[in-house]
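In case you want the letters, here they are:
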Amino acid sequence: MARYIFVAGGVMSGVGKGVATASIGKILQSKGYKVSALKIDPYVNVDAGTMNPLEHGEIFVTDDGTECDQDIGNYERFLNQNFSSLNYMTTGQVYQAVINRERSLEYKGKTVEVFLHIPEEIISRIERVGKETKADFVLIEVGGTVGDYQNVLFLEAGRMMKRRMPDRVLFALVTYLPVLSNVGEMKTKPTQHAVRFLNAAGIQPDFIIARSVVSVDEPRKQKLSDFCNVESEDIISAPDVNFIYEVPVNFEKDHLGERILEKFKITSKGEDLKDWKKLAHSIGIIKKCVKIGIVGKYFETGDFTLMDSYISVIEAIKHASWVLEGKPEITWLSAQEYENDAKALAGLKRFDGIIVPGGFGNRGVEGKIKAIEFCRENKIPYFGLCFGLQLAVIEFARNVCGLPNATSSEFVTSQNKESLDLVIDVMEEQKELLKEKRYGGTMRLGAYSCSLLNKSIAQEAYHVKNVSERHRHRYEVNNKYMEKLERKGFLASGVNPESKLVEIMELKGHPFFLGTQFHPEFKSRPLAPHPLFLSFIEAALRVSKARSLHAKNG
Ligand code: GLN
C-alpha cells in the first residue's frame, strides 16, 4: 500500500510548489523508494489543451498524449520517469466522471452531492495512482493556494484520507516568507495565516517548506513552530537558487527525507543524491557562454515577461548546454519585431543559435519566418520545434523553391486557397474534427515513432535508426511538395513509418538548420539531455568559438 504526501501552497502562487513536489520525490527516490506523483489543477477545463499558454503556461504532453500542466514536466525531469493521464487531475475531469456515472444510474437513485461524491471521486483517483504504479509514495500537488475557493474539495479529499489512514498520509505546505526591504526582516505572518487556512480545512501541516530569497534562520523557525504547531525541524528552508536542480540538495540540508521517513516509521534503503549533487556542483562552475535566442509570442504580459510557456524548451537548452560545458544565456525575442524591422533582424547575428518553438495562429508568423530566413542565410544554427519546423518549410518554399505563395492552411480562409501553395496542410483526420468544433484533446498527440535517414544529422545525433517522440499538432508538411524541397537540399530526415508524415527536416550545407514536427523538449532530462538539443548546442558552441577566434584575430 502506498503512502501519500499532499503538497499544498500558501501565501501566493508561483513559489515553486511543483519543483518542491518533484524534489521531495527525488529525495525519496534517492533513498531507495518507488515514487509517483499526481498534479491536481483546480480549473474546470478537462485538460490544459484548450488553454492559451499566456494564461496557463506551457502545455506539457506525455507519451500517452495527455495535455497537462507543466509540473508534470518537472516530475518527469526530476524523477527520470514517464508519466501519463493517471498523474494529472482537474476539476473538469472529476465532475465529468461523476456526472457520467449519474447519467448511467450508477448512483442507484441517490442524490448526487458535491460533498461527499466529489471528494470520493478525487480519493479514488489518488488511490488509483498508488495501486496502478505500485509506488511506495504518491505525491499529490494541490494546485492553487490554500484559501482559494477552487481547491477546497481537493483539500477535503486529503483531510478524509488522513482520517482514514492516519499513518499513511502527510501534508506539506509550501509558503513564502517575504523579506521587506524597508524593515530588513523576514516576515512570518503570511505563513501563519496560510497555516490557519489549512487548519480551517481540517488539516494540520506536517512540514512547512519555507520559500524565501534567503534561508530561514532559527528565530523565525521557532516563531513559525510556536504559531503553526509544526516542529522547528520540520520547517524546511527553501531559499532562492540559481538552478532548480539544487532544490533537492538544499532540502536535504534540513534533513527533509529523513524526517519524512521517520514520520512514516520507515528507514532509508539506499543511496544519497550523488549524481544530483555532482550535477548541481558542475553547473555552478561553468563559464563558457552560449547565446540562444527564442523567437516566440507567449511571454509578453503587460510590463512583465513570463517564461512559463516555454519551460521545457528552456530546460532542454540547459541540460544540453551543461553537458557540453556551456552556460546558456537565453534571450526572449518577440516575433512581431522582425516583421518590418531590418535592424532588429540584423541583431540576430549576435546569437549562437535561434529557436522557434511551438505556436498556433497567425500572430507573429511573418516575423518568425523572417528570423528563420536570416538564420538560414547567415548560417546561424536554427532549431525549429513543431511550428518552428512548419515555418521553416514555408520560408524555404517561398525563398528557395520559388513558391512565393507558400503557406499553411492554419493561416488561410477557404476563399483564397486555390492560389496558394499549402506546403503545410491540415491532416486528413483533423478536417472533420475542426468542422465539428471538436477541439479538446483531438490534435495528433503523444508518442509516435520516427525512422531516421541514414547518415543524416538527426541520425548521427540519436545514434539509432528509430525513435519515439511526443507530438501536439493538427497540421503537417505536405508531402506533395517534398520533391521540390529535397531537390534544393531541405531533406526529410525523419519520417513516421506508418503514416509517412514528416517528423524531421534538415538542410544540407548549413552548420545546423533542423526542424522537428514533434516536441523533443518534453523528453530531455537533466542527466540525459535530448540528442537533438545536444547537436544544436554543439553547433551553437562551434559558432561561438569561431566568432571569438575571428574577433581575436581582428
Ligand atoms: N499550430 C501548428 C499545428 O497545429 C503547430 C503546433 C505546435 O507548434 N505545437 O500543427
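Residues numbered from 1 in each chain as written. Predicted model: local features only at pLDDT ≥ 70, side-chain atom pairs only at ≥ 80, totals over all residues. Heavy atoms only, no water.

## A few points about the site of the ligand
Our working rule: Think of it this way: one heavy atom of a residue within 4 Å of a molecule or strand is enough to make that residue near it. Two N or O atoms count as a polar contact when they lie within 3.5 Å, although within protein this holds only if one can serve as hydrogen donor and the other as acceptor, and sequence-adjacent residues are included solely when both atoms are side-chain atoms. Here the Shrake-Rupley method, with its probe set to 1.4 Å, supplies the accessible areas, and only the displayed protein chains count as covering residues. Secondary structure elements are defined from DSSP: runs of H or I of at least 4 residues count as helices, runs of E of at least 2 residues count as strands, and each element is numbered from the N terminus. Amino acids outside the nonpolar list (Ala, Val, Leu, Ile, Met, Phe, Trp, Tyr, Cys, Pro) and the charged list (Asp, Glu, Lys, Arg) are all regarded as polar, and Gly is one of them.
Looking at the ligand, the residues that line it are Gly-358, Gly-359, Phe-360, Cys-386, Phe-387, Gln-390, Glu-410, Arg-472, His-473, Arg-474, Tyr-475 and His-519. Backbone polar atom of Phe-387 to an oxygen atom of the ligand: 3.1 Å apart, as the coordinates give it. In the model, an oxygen atom of the ligand is placed 3.0 Å from a nitrogen or oxygen of the Arg-474 main chain. The protein chains hide 99% of the 300 Å² of surface that the ligand would expose on its own. Broken down by secondary-structure element, the contributors of at least two residues to the shell around the ligand are α15 (387-399) and β21 (466-473). For the shell around the ligand, the class distribution of residues is four nonpolar, five polar and three charged.

## Remarks on the nonpolar core
Our working definition: Residues enter a nonpolar core if they are buried and are Ala, Val, Leu, Ile, Met, Phe, Trp, Tyr or Cys, with the set joined through side-chain atoms within 4.5 Å. With a 1.4 Å probe rolled over the protein chains alone, any residue whose accessible area is under 20% of its type maximum counts as buried; one over 50% counts as exposed, and the rest are partly exposed. In what follows, residue pairs with any heavy atoms lying within 4.5 Å of each other are defined as contacts.
Ranked by size, the top nonpolar core spans 51 residues in total, and within it Ile-5, Ile-24, Phe-137, Ile-209, Phe-251 and Ile-260 carry the most contacts. Top element by residues in this core is helix α1 (residues 17-30). It accounts for six residues. When near neighbours in sequence (up to four residues on either side) are disregarded, Ile-209 contacts Ile-24, Ala-172, Leu-173, Val-174, Thr-175, Ile-236, Ala-238, Phe-251 and Leu-256. In terms of nonpolar packing, the next biggest core, distinct from the first, is built from 45 residues, Leu-38, Met-89, Val-146 and Leu-224 among them.

## Some thoughts on the sheet that holds strand β6 (residues 137-142)
Worth spelling out the cut-off: Pairing between strands is defined by DSSP: at least two bridges between the two strands are required. Simply put, an axis is a line fit to the C-alpha atoms, just over the touching stretch for a helix, and the angle between two N-to-C directions goes from 0 to 180 degrees.
Across the sheet, seven strands lie side by side as β5-β2-β6-β1-β7-β10-β11; this open sheet has parallel pairing. The open sheet has two edge strands with one neighbour each: β5 (88-90) and β11 (235-239). Strand after strand, the sheet turns through a mean of 20° between neighbouring axes, direction not considered. Where strand β10 (residues 207-212) lies against β11, five bridges are found, and the strand directions are parallel. Looking across to β11, one finds that Ser-212 is bridged to Pro-239.

## Brief notes about helix α10 (residues 256-263)
Listing the buried residues of α10 in full gives Leu-256, Gly-257, Arg-259, Ile-260 and Leu-261. A positive phi of about 60° marks Lys-265, the residue just after α10.

## A word on the pattern of salt bridges
Let me state the cut-off plainly: Salt bridge, as used here, is a side-chain nitrogen of Lys or Arg placed within 4 Å of a carboxyl oxygen of Asp or Glu.
One pass over the full model with this rule turns up 32 salt bridges. With a closest N to O distance of 3.0 Å, Asp-71 and Lys-39 form a salt bridge. Placement of the pair is Asp-71 in helix α3 (residues 70-79) and Lys-39 in strand β2 (residues 35-41), with a sequence separation of 32 residues. Residue Asp-71 is classed as buried on the basis of its relative accessible area, which comes to 10%. Residue Lys-431 pairs with Glu-428 through a salt bridge whose shortest N-O separation is 3.0 Å. Taken together, the residues Lys-431 and Glu-428, both in helix α16 (residues 428-435) and three residues apart, mark about one turn of the helix. Members of the salt-bridge network, linked through shared partners, are Lys-39, Asp-41, Asp-69, Asp-71 and Glu-141.

## Things to note about the sheet that holds strand β18 (residues 406-408)
Pairing is mixed across the open sheet formed by three strands, whose spatial order is β18-β19-β22. With one partner strand each, in any of the chains shown, β18 and β22 (475-477) form the two edges of the open sheet. Pairwise comparison of adjacent strand axes, ignoring direction, gives a mean angle of 30° for this sheet.

## With respect to a nonpolar patch on the surface
Formally: Every patch collects residues that have over 30% relative accessible area and no salt bridge, joining them within 9 Å if they carry like charges and within 5 Å if they are nonpolar side chains (Val, Leu, Ile, Met, Phe, Trp, Tyr).
The grouping of Val-114, Phe-115 and Leu-116 at the surface amounts to a nonpolar patch, some 240 Å² of accessible area in total. By the secondary structure assignment, Val-114 is in helix α5 (residues 114-133). Of the residues examined, Val-114 reaches a relative accessible area of 43% and is grouped as partly exposed.

## Overview of unusual backbone geometry
Cis geometry is adopted by the peptide bond preceding Leu-116, which originates at Phe-115 and carries an omega value of 25°. Considering the arrangement of structural elements, one finds Leu-116 in helix α5. Positive phi, normally seen in glycine, also occurs at Asn-80, with a value near 50°. On the secondary structure map, Asn-80 appears in the loop between α3 and β5. In the Ramachandran plot, Leu-105 falls in the positive-phi region, its phi being about 60° despite a non-glycine side chain. Of note, Leu-105 is situated in the loop between α4 (91-103) and α5.

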